[in-house]
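Fold and contact review
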Amino acid sequence: MDDTAYRPLLFSIAYGMTGSVGDAEDIVQDAFLGAARARRDGTTILDPKAYLTTTVTRLGMNHLRSARVRRETYVGNWLPEPVVVPADGTGPAEHAELADSLSMAFLVLLENLTPLERAVFMLHEVFGFAHAEVAGIVGKTEVNCRQIFARSRARIAAHTRLPAGAARRSEGAELARRFFAAVTTGDLEALLETLAPEVTSYGDGGGKAPALATPLSGRDEVARFLIDLFRRTAARGVRVQPSWVNGRPGAVLRDRGGNVLSVLELHITGGRIQALHGVVNPDKLTHVGGQPS
């Protein structure tokens, strides 16, 4: 099997480790180049999947260690770079095949873990690697990895506020359709029906674009904020392009010229929107392509 067949898996792992599309793509490319150099130097790679997975995971861990200081000084709420796939499904295969569990809410939770904990937890929980396989990837014993996983799972559970489970794709798409119809027409009552009582809205402007300074919670507060926000964006000619964002329903907001202004992800469980994640930091939107609908 050609190494590139593993690209979707490797991209998902690298993105899950870094929360950055650009950094994930760079890490995957570095892994491919490293494998090619090893072969040229006479190394026989018996298990390319294991070799590449190990390289990507360890590069991701190194990246996280250097990124910690930048995250600590980040202005406002930090959200990962969104992985956007247009509603028609076009786009890079590795984006379309991103592991569904790598939602923005999940990636924010992973920020509570050390790089090693994050790697162990994600490889086993998200990608289904056995503890023995994880041990080989991160260079620890199997017993140690089991302990790290248990500790990481407890830490994640302690920080989790959202209900478990995710809506089926068709159910989520229908609720998203109702949500965007309500906010774009200013129908407050219809919008309230799509939101959970304790819904929370998060915004990431990185100090470079207007965004919520702190999360906004409560159905009434969030609904009125959204109605006002979309009323103002409509007056500027902003268009809403339905999309899949990190495997969840969402949208790309574009100006009249088709330039990306923001990306919104809807976290849906229990038939209601539990959280909204809006990225407006322009540095995190440069990779979002496609054309306005």
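Figured I'd write up the structure that's included with this text. Throughout this description, residue numbers start from 1 for each chain and increase along the sequence as written. At least 70 in pLDDT is required for a residue's local features to be given in this predicted model, at least 80 for side-chain atom pairs to be given and counted, and no such filter applies to totals for whole chains, interfaces and linings, which use all residues. As a rule here, side-chain values come from all non-hydrogen atoms in the structure, and water together with hydrogens is ignored.

Describing unusual backbone geometry
Of note, the phi angle at Asn246 is positive, near 50°, even though the residue is not glycine. The helix and strand labels rest on DSSP assignments: H or I over at least four residues marks a helix, E over at least two residues marks a strand, and numbering proceeds from the N terminus. The topology assignment puts Asn246 in the loop between β4 (239-245) and β5 (248-254).

Focus: the pairing of strand β7 (residues 272-279)
The element β7 is extensively covered by neighbouring structure, given that 7 of its 8 residues are classed as buried. Bridge count between strand β6 (residues 260-269) and β7: 7 bridges; the pairing is antiparallel. The residue of β7 that forms the bridge with Ile268 is Ile273. Two strands qualify as a pair provided that DSSP identifies no fewer than 2 bridges between them. Here β6 hands over to β7 after 2 residues, with Gly270 in that stretch at a positive phi of 65°. Burial classification: accessible surface area is computed with a 1.4 Å probe over protein chains only, and a residue below 20% of its type maximum counts as buried, one above 50% as exposed, and the rest as partly exposed.

Some thoughts on the packing of helix α6 (residues 115-125) against helix α7 (residues 131-138)
It is at 10 Å that the axes of α6 and α7 come closest, and there the two elements cross at 145°. The element α6 and its partner α7 pack so that their crossing is right-handed. Along its contact with α6, which presents Leu116, Ala119, Val120, Leu123 and His124, the element α7 presents His131, Val134, Ile137 and Val138. Residues are grouped as follows: Ala, Val, Leu, Ile, Met, Phe, Trp, Tyr, Cys and Pro are nonpolar; Asp, Glu, Lys and Arg are charged; every other residue, Gly included, is polar. In terms of residue class, the contact of α6 with α7 is made up of 7 nonpolar, 2 polar and no charged. Between N-to-C directions, angles cover 0 to 180 degrees, with each direction set by a line fitted to C-alpha atoms, over the stretch in contact for helices. Take the far helix as your reference; a near helix turned counterclockwise from it by less than a right angle gives a left-handed crossing, and one turned clockwise gives a right-handed crossing. We call two residues in contact when some of their heavy atoms are within 4.5 Å.

Comments concerning the nonpolar core
Ranked by size, the top nonpolar core spans 44 residues in total, and within it Phe11, Tyr15, Leu102, Leu110, Met122 and Val138 carry the most contacts. Every element with two or more residues in this core is listed here: α1 (7-18), α2 (21-40), α3 (48-72), α5 (104-110), α6, α7 and α8 (142-159). The dominant element in this core, judged by the number of residues it contributes, is α2, at 8 residues. With residues near it in sequence (within four places) discarded, Met122 still touches Ile13, Gly16, Met17, Leu102, Leu110 and Phe127. One finds Leu175, Phe179, Phe180 and Leu191 within the second-largest nonpolar core, a separate group that totals 23 residues. Throughout, nonpolar core names a set of buried Ala, Val, Leu, Ile, Met, Phe, Trp, Tyr and Cys residues whose side chains join them through atoms within 4.5 Å.

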